[in-house]
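Summary of structural features
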Amino acid sequence: EAQVTQNPRYLITVTGKKLTVTCSQNMNHEYMSWYRQDPGLGLRQIYYSMNVEVTDKGDVPEGYKVSRKEKRNFPLILESPSPNQTSLYFCASSFAPFEETQYFGPGTRLLVL
Amino acid sequence: GENVEQHPSTLSVQEGDSAVIKCTYSDSASNYFPWYKQELGKRPQLIIDIRSNVGEKKDQRIAVTLNKTAKHFSLHITETQPEDSAVYFCAASIGNNFNKFYFGSGTKLNVKP
């Protein structure tokens, strides 16, 4: 089954404790992206990757890191989480940014205390 | 960067009526405009998209129109059904490979039976 998976789905953590949210797709997609969703703000792009070892900043990259060592995986890293990073996070992938539908993962709800 | 504004934030219609959601964007270089539907607690899913070389696109009860001169695009849903109730997001894509996405803040559509 073609899918985008994220782990964990729910996470409660404390300020400053490093965390990683994993994202994996099994569709051989080249393009992957991370978004955060906050009430009244829609989705905002954090980082995206056009292919292995190619990543770039989206609209709100501050406080986040990503890596793309393998085509299927695109982890989101919060080195020192802060309460303003409490949000719902979505990973998405597609063959190309606009040639194909972006498939979204199920989301990760993060609470930073 | 790009700024996408979406109106209205909430929309309530009677079953069978039409619904229209409008978005404006600021950067004339934007060239790809997808629309996503997000049901409560679920991930966004693409419902229709349009590229800048097309003025209108239809898919059954859903249509999107684009006015590049005025920098606005709209989603039209005809013969609405209760299962159309969801939050709808517009987006505009920009960048060298149209890989940066900017989303509107969302429209909560309620279709009353």
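Treat the numbers as computed from the prediction; the structure is a model and nothing was measured.

What counts as what
Residues numbered from 1 in each chain as written. Chains lettered and ligands numbered in written order. Predicted model: local features only at pLDDT ≥ 70, side-chain atom pairs only at ≥ 80, totals over all residues. Heavy atoms only, no water. Disulfide = S-S within 2.5 Å. Helix = DSSP H or I, 4+ residues; strand = E, 2+ residues; numbered from the N terminus. Buried < 20%, exposed > 50% of the residue type's maximum accessible area, 1.4 Å probe, protein only. Contact = heavy atoms within 4.5 Å. Buried area = accessible area lost by both parts, 1.4 Å probe. Salt bridge = Lys/Arg side-chain N within 4 Å of Asp/Glu carboxyl O. Polar contact = N/O pair within 3.5 Å; in protein donor to acceptor, adjacent residues only side chain to side chain.

1. Quick notes on the state of the cysteines
Here, the word disulfide means a covalent bond between the sulfur atoms of two cysteines. Residue and element names in this part refer to chain A. Summed over all chains, the structure comprises two disulfides over all chains. Covalently, Cys-23 is tied to Cys-91 through a disulfide, its sulfur atoms 1.8 Å apart. When the S-S torsion is -70 degrees, as for the bridge of Cys-23 with Cys-91, the disulfide is left-handed. Note that Cys-23 is positioned in strand 3 (residues 19-25) and Cys-91 in strand 9 (residues 87-94), a separation of 68 residues in sequence.

2. Side note on the environment of Asp-59 of chain B
Residue and element names in this part refer to chain B. Positionally, Asp-59 belongs in strand 6 (residues 56-59). With relative accessibility at 42%, the residue Asp-59 sits in the partly exposed group. Taking the C-alpha atoms as reference, Asp-59 lies 22 Å from Lys-71; in sequence the two are 12 residues apart. Ignoring sequence-local partners within four residues, the contact set of Asp-59 consists of Ile-47 and Ile-48.

3. Structural notes on the interface of chain A and chain B
In this assembly, 23 residues from chain A lie in contact with 18 residues from chain B. For the pair chain A and chain B, the summed buried surface comes to about 1,800 Å²; carbon and sulfur atoms form 57% of the total. At the junction of chain A with chain B, the criterion picks out zero salt bridges. Counting every contact that joins chain A to chain B gives six residue pairs in polar contact (both at pLDDT 80 or more).

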